[in-house]
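# Structural features, examined
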Amino acid sequence: KQWYQRRVAITAGGHETNALKLMASYLPKDPAGGSPYQEGGALYALGMIHANHGAAIIPYLTEQLQSATNETVKHGGCLGLGLAAMTSKSSEIYEQLKNNLYQDDAIIGEAAGLSMGLVMMGSLDEDSLSDMMQYAHETQHEKILRGLSLGIALVCYGQLEAADATITALADDKDPVLRMSGMYSVGMAYAGTGNNKAIRRLLHVAVSDVNDDVRRSAVISIGFILFNSPEQCPNVVSLLSESYNSHVRYGAALALGISCAGTGMKEALNILEPMINDPVNYVRQGALLATAMVLVQQNDHLCPKLKHFKDLFTKTISDKHEDIMVKFGAVLAQGIINAGGRNCTISMRTQYGHTNVPSVVGLLVFTHTWFWFPFAHFLCLAFQPTYLIGLNKDLKMPKLKFRSCSKPSTYAYPPLLEAPKEKEKEKVSTAILSTTAKKQAKAKAGGGASPMEVDTPAVEEKKDSKVAEKEEEKKKEEKKKDEEKKDEKKKD
């Protein structure tokens, strides 16, 4: 049900004025309330709709979070409030989320830890980092640890060398979840910079750490650092894509998808294509997701292999014998490649070349679909429209003409999916027995109904019996002659 509510939110993305009306039937109404999953999902949906510009909805979400008593509703309220107040650095909202974190409830704490990072994103606030790291060492809940690991990474966003002290402390920690947070912090602190020192640090951890989650997160973070120079990413992760460790291979696939998103880059596809047939199911899932991210907003003219991959997605979804994890990846891939009615692309840059903060957040949290699949909806924050709409002063569409020096096929939409045509059943000719054929032949020869079959005449039977009797008499005569000859010999 939460999955459904978030899907509604993505459909309604940008409709801030009508958001409350649209979600009214799902939002909390009274203390008795309805389904907690429905209400928690609706609050999360409101945050998704107002992500990064939610000043109008923050009071409502704050009130709902304070009055909620169910942990599932509080989980959705924390996520919704964190998304709406993203990068606001509001101390009041931060304190409210921290109070929910200190309840030490695994479900509420995971959402609160992530939302604290969303609110304080890019601030590198020492008090916030101290609170989050201290509680991470005290809690016994792994879910809370994972939420805090993402939150800490977001606080380090864009801080470059200033975040090195925090990154070093996290990377040297005994807890693998905090080391994982250190790797994501490197990716966030140096996002889009292509910093060689940061890449070397991630590569070292990717091949040396004893924990698979840490190694996977280190490789994924390479994609965030190189998204401004995607042509370098295939060379960096090509050897990692052939690693004996399946988690490293999965990380290499997502790193390519993140850095090369929307480019249709052949070098990236050449690495990803063999990984689709990997023996490990989650590696195949990652390869399908990354392939769709690379091919988004491409057509057959720009990428001749597009049809092959789209057919592969469809085949994987319909294959009854395919692993469920791979099928889930194929379903998401089908949605990504057709995002926004094929009018959207995945980009971490604005049209002016600056880093798009919501896109970075969306892709980072999307990678945690590994732990909780509804995080996949965060990917909608990374979608950027690629269509052009002209309006006049009355907000009406005038008749416009554009001149394009490229062939129409360059910007043509990929062909729509066709419903499978039902094959007409071929009529199989009925088998005709030999006796039936004889009857039909006799009927044609007689010019009418076939005559009734009768037994052979009795005369012929009598002839046959006489011949048999003669032969028997001859045999008897021959036997007598033989016996007589024997008697004569005995007498002699």
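Residues numbered from 1 in each chain as written. Predicted model: local features only at pLDDT ≥ 70, side-chain atom pairs only at ≥ 80, totals over all residues. Heavy atoms only, no water.

## What to know about empty space enclosed by the protein
Which entries qualify depends on this criterion: Definitions used for this entry: grid spacing 1 Å over protein atoms alone; cavity, a set of points where a 1.4 Å probe fits but cannot get out; pocket, an open set with protein on both sides within 12 Å along at least 5 of 7 lines; lining residue, one with an atom within 4 Å of a point. Grid points are joined across faces, edges and corners, and a volume is the space filled by probe spheres set on the points. Polar here means any residue outside two lists: the nonpolar Ala, Val, Leu, Ile, Met, Phe, Trp, Tyr, Cys and Pro, and the charged Asp, Glu, Lys and Arg; Gly therefore counts as polar.
Under the criterion given, the structure shown has two cavities of 30 Å³ or more. Taken as a whole, the largest cavity encloses approximately 40 Å³ of empty space. What lines the largest cavity is Glu110, Leu114, Arg146, Gly147, Leu150, His368, Phe371 and Phe375. Here the lining of the largest cavity is built from residues that sort into four nonpolar, two polar and two charged. As a volume, the second largest cavity reaches approximately 40 Å³. Tyr250, Leu254, Gln285, Leu289, Phe366, Thr367 and Thr369 together form the lining of the second largest cavity. Split by residue class, the lining of the second largest cavity holds four nonpolar, three polar and no charged.

## Describing helix α21 (residues 357–366)
How we decide: Relative accessibility under 20% of the residue-type maximum defines a buried residue, over 50% an exposed one, and the middle range a partly exposed one, all with a 1.4 Å probe and only protein chains included. Secondary structure is summarised from DSSP: a helix means a run of H or I of at least four residues, a strand means a run of E of at least two, and numbering begins at the N terminus for each.
Of all the 10 residues making up α21, nine are buried; the element is thus mostly covered by neighbouring parts of the structure. Residues Pro358, Ser359, Val360, Val361, Gly362, Leu363, Leu364, Val365 and Phe366 constitute the buried set of α21.

## Section: the layout of surface pockets
Its volume calculated, the second largest pocket comes out at about 430 Å³. Along the wall of the second largest pocket there are 18 residues; nearest its centre are Thr345, Ser347, Arg349, Thr350 and Gln384. Looking at the lining of the second largest pocket, its residues break down into eight nonpolar, nine polar and one charged.

## A closer look at helix α17 (residues 281–295)
Which entries qualify depends on this criterion: Helix span, expected: 1.5 Å multiplied by one less than the number of residues in the helix.
In a regular helix each residue adds 1.5 Å, so 15 residues correspond to 21 Å; α17 covers 21 Å between its end C-alpha atoms and thus fits that length. In terms of burial, α17 is largely enclosed, as 14 of its 15 residues are buried.

## A few points about unusual backbone geometry
Although it is not a glycine, leucine 160 adopts a positive phi angle of roughly 50 degrees. Mapped onto the elements of the fold, leucine 160 is located in the loop between α9 (142–155) and α10 (164–171). For leucine 160, a relative accessible area of 34% gives the class partly exposed. Backbone geometry at leucine 395 places phi at a positive 60 degrees, although glycine is not the residue there.

## A short note on the confidence of the model for the chain
To be explicit about the condition: Confidence scores labelled pLDDT are given residue by residue by the predictor and lie between 0 and 100. Contact definition: two residues touch when any of their heavy atoms are within 4.5 Å.
Averaged over all residues, the pLDDT of the chain equals 86, while 87% of them reach at least 70. Here helix α1 (residues 2–11) stands out as the least confident element of the chain, with mean pLDDT 46; helix α13 (residues 212–225) is the most confident, with 97. Counting interchain partners and residues more than four positions distant, the pLDDT-below-50 stretch residues 1–12 has 33 contacts.

## Considering a nonpolar patch on the surface
To be explicit about the condition: Residues with no salt bridge and a relative accessible area higher than 30% make up the patches, which join like charges within 9 Å and nonpolar side chains (Val, Leu, Ile, Met, Phe, Trp, Tyr) within 5 Å. Here the accessible surface of atoms and residues is derived via Shrake-Rupley with a 1.4 Å probe, and residues count as covered only by protein chains that are part of the display. A side-chain nitrogen of Lys or Arg and a carboxyl oxygen of Asp or Glu constitute a salt bridge if their distance falls within 4 Å.
A cluster of nonpolar side chains, Tyr387, Ile389, Leu391, Leu395 and Met397, forms an exposed patch at the surface whose accessible area comes to about 590 Å². Along the chain, the position of isoleucine 389 falls in the loop between β2 (383–385) and α22 (434–446).

## So, the packing of aromatic side chains
So the rule is basically this: Only Phe, Tyr and Trp rings take part, Trp by its six-membered ring, and two of them pair if their centres are within 6.5 Å. Stacked means planes under 30 degrees apart, edge-to-face means over 60, and tilted covers everything else.
Considering all chains together, one arrives at eight aromatic pairs under this definition. With a centroid separation of 6.0 Å and 40 degrees between ring planes, the pair formed by tyrosine 44 and phenylalanine 378 is classed as tilted. Here phenylalanine 378 lies in the loop between α21 and β2 and tyrosine 44 lies in helix α3 (residues 36–49), a separation of 334 residues in the sequence. Across the pair, phenylalanine 378 and tyrosine 44 agree in class, each one buried. Plain terms: the ring middles of tyrosine 250 and tryptophan 370 are 4.8 Å apart, the flat faces sit at 65 degrees to each other, and that makes the pair edge-to-face. Of this pair, tyrosine 250 sits in helix α15 (residues 246–259) while tryptophan 370 sits in the loop between α21 and β2, and the two are 120 residues apart along the sequence.

## A short note on the side chain of asparagine 343
Tracing the chain through its elements places asparagine 343 in the loop between α20 (339–342) and β1 (344–346). With relative accessibility at 19%, the residue asparagine 343 sits in the buried group. Leaving out residues up to four positions away in the same chain, asparagine 343 has contacts with Gln297, Gln384, Pro385, Thr386, Tyr387 and Tyr413.

## Observations concerning a positive patch on the surface
Let me state the cut-off plainly: Here Asp and Glu are counted as negative and Lys and Arg as positive; His is not counted, and neither are the chain ends. Positions of charges follow a simple convention, taking NZ of Lys, CZ of Arg, CG of Asp or CD of Glu.
A cluster of basic residues, Lys475, Lys476, Lys479 and Lys480, forms a positive patch on the protein surface. Mapped onto the secondary structure, lysine 475 falls in helix α23 (residues 458–491).

## Some words on the side chain of arginine 146
Looking at the element boundaries, arginine 146 is found in helix α9. A relative accessible area of 12% means that arginine 146 is categorised as buried. Non-local contacts of arginine 146, meaning those with residues more than four positions away in its chain, are made with Glu110, Val177 and Phe371.

## Some remarks on the packing of helix α8 (residues 126–138) against α9
To keep things clear, this is the line we draw: For helices, the axis comes from a line fit to the C-alpha atoms of the stretch in contact; other axes are also lines fit to C-alpha atoms, and the angle between any two N-to-C directions lies between 0 and 180 degrees. An angle counts as roughly parallel when it lies under 35 degrees, as roughly antiparallel when it exceeds 145, as roughly perpendicular when it falls between 65 and 115, and as oblique in every other case. By the definition used in this description, the sense in which the near helix is turned from the far one sets the handedness, with an anticlockwise turn below a right angle giving left-handed and a clockwise turn giving right-handed.
Axis separation between α8 and α9 bottoms out at 10 Å; the angle between their running directions is 155 degrees. Our classification of the angle between α8 and α9 gives roughly antiparallel. In this structure, α8 meets α9 at a crossing whose hand is left-handed. Only Ile144, Leu145, Leu148, Gly151, Ile152 and Val155 of α9 make contact with α8, whose side of the interface consists of Leu129, Met132, Met133, Tyr135 and Ala136.

## Overview of the pattern of salt bridges
If you walk through the whole model with that rule in mind, you get nine salt bridges. Ionic pairing is found between arginine 284 and glutamate 322, a salt bridge with its closest N-O pair at 3.2 Å. Of this pair, arginine 284 sits in helix α17 while glutamate 322 sits in the loop between α18 (306–318) and α19 (324–337), placing them 38 residues apart in sequence. Here glutamate 322 falls in the partly exposed class, since its relative accessible area comes to 23%. What emerges from the salt-bridge pattern is a single network uniting Glu95, Lys98 and Asp131.

## Topic: the environment of alanine 169
Following the sequence through the fold, alanine 169 ends up in helix α10. A relative accessible area of 40% means that alanine 169 is categorised as partly exposed. Residues alanine 169 and arginine 179 lie 10 residues apart in sequence; the distance between their C-alpha atoms is 8.7 Å.

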